[in-house]
Amino acid sequence: MDDVVMRSAMTLGTVAVGAILAWALLPVSSTSFGLAFGSALVAFVLAMVQSFKRTPSPALILGYAAFEGVFLGVISEMYNAQWNGAPFQAVLGTIAVSGATLLVYKAGWIRVTARYARIGMAIAIAFVLTMAVNLLLVAFGVAPDGGLRSMGPLGALVGVIAILLGAFFLTLDFKQIEDGIAYGAPRQEAWLAAFGLTMTLVWIYVEMLRLVAIFSSND
């Protein structure tokens, strides 16, 4: 557990440092948006490479965290410019969701079984595919105003579903950590646990940021 905590602090700390530097050094502009997109793409590639590796690579994981941090810093600054305080509220929301999920998991109200994982993953895959189709429809002008990702009630509902899926992924992360400790997994496996937690928390934060913006726009 100490190894998991330490590795998670390193990866999340790297994300935070990258975000702070990006926020401080990159003004809101089309150039910074392009840099954010490029950083997100690099982070995605590094995450995919690590996901298909049999052993954890600290360099890949920390590299992912650094580029993800740059992406988060730029988009957080953009959201803050239009909805003042949105990133701070999103951070608080992410902490609240994570804490509540941990409490529910530790209380035994959620049992992470093979069936639970299969059903949850099926829903998650369907959600991602739906969002991919929606993105294509928006790009070709078929679905105006963002389609399912609009700034209205439908967009808010989709955001809530995405956050619930993030909480589902958190329960899988907690189960992975618990099983790793119980079965005496090698200490190096703590990097994988930290990697999973970081990806999940980034997912929840981004969705929370959009949700805060939607509610702020409709005030």
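Structure report, in brief. (Residues numbered from 1 in each chain as written. Predicted model: local features only at pLDDT ≥ 70, side-chain atom pairs only at ≥ 80, totals over all residues. Heavy atoms only, no water.)

What follows is about the pattern of salt bridges. Using the criterion set out here, one finds three salt bridges in the structure. For Arg-187, the salt bridge is made with Asp-3, and the minimal N-O distance between the two is 2.8 Å. Separated by 184 residues along the polypeptide, Arg-187 in the loop between helix 6 (153-182) and helix 7 (190-217) and Asp-3 in helix 1 (residues 2-25) bring together distant segments of the chain. Taking the relative accessible area as the measure of exposure, Arg-187 reaches 61% and is therefore exposed. On the basis of relative accessible area, Asp-3 is assigned to the buried category, the value being 15%. Across the pair Arg-149 and Glu-207 runs a salt bridge whose closest N-O atoms are separated by 2.6 Å. Highlighted residues: Arg-149 in the loop between helix 5 (114-139) and helix 6 and Glu-207 in helix 7, separated in sequence by 58 residues. For Glu-207, a relative accessible area of 8% gives the class buried. (Salt bridge = Lys/Arg side-chain N within 4 Å of Asp/Glu carboxyl O. Helix = DSSP H or I, 4+ residues; strand = E, 2+ residues; numbered from the N terminus. Buried < 20%, exposed > 50% of the residue type's maximum accessible area, 1.4 Å probe, protein only.)

What follows is about helix 2 (residues 30-51). For helix 2, built from 22 residues, the straight-helix expectation of 32 Å at 1.5 Å per residue is met to within 8% by its first-to-last C-alpha distance of 31 Å. Taken as a whole, helix 2 has its buried residues at Ser-32, Ala-36, Ser-39, Ala-43, Leu-46, Ala-47 and Gln-50. Each buried residue of helix 2 sits inside an arc of 100 degrees when the element is viewed along its axis, so together they form one side. In helix 2, the exposed positions that point more than 90 degrees away from the buried face belong to Ser-30, Thr-31 and Phe-37. Considering only its buried residues, helix 2 is in contact with helix 3 (58-82) and helix 7. (Expected span 1.5 Å × (residues − 1). Arc of directions from axis to C-beta. Contact = heavy atoms within 4.5 Å.)

Let's shift gears to the packing of helix 4 (residues 86-106) against helix 6. Contact geometry for helix 4 and helix 6: axes closest at 10 Å, N-to-C directions at 50 degrees. Considering the angle they form, helix 4 stands oblique to helix 6. Pair helix 4 / helix 6 crosses with right-handed handedness. Within the contact between the two elements, helix 4 uses Val-97, Ser-98, Thr-101, Leu-102, Tyr-105 and Lys-106 and helix 6 uses Ile-163, Ala-167, Leu-170, Thr-171, Phe-174, Lys-175 and Glu-178. Looking at the contact of helix 4 with helix 6 residue by residue, the class counts come to seven nonpolar, three polar and three charged. (Axes fitted to C-alpha atoms, helices over the stretch in contact; angles between N-to-C directions. Parallel < 35°, antiparallel > 145°, perpendicular 65-115°, else oblique. Left-handed = near helix turned anticlockwise from the far one by under 90°. Nonpolar A, V, L, I, M, F, W, Y, C, P; charged D, E, K, R; others polar.)

With that settled, the discussion passes to the nonpolar core. Judged by nonpolar contacts, the single largest core of 43 residues is most densely connected at Tyr-64, Leu-72 and Val-206. Every element with two or more residues in this core is listed here: helix 1, helix 2, helix 3, helix 4, helix 6 and helix 7. Counting residues per element, this core draws most heavily on helix 7, which supplies 16 residues. Grouped together as the second largest cluster of nonpolar side chains are six residues, Ala-124, Met-131, Val-158 and Ala-162 included. (Core = buried A, V, L, I, M, F, W, Y, C linked by side-chain atoms within 4.5 Å.)

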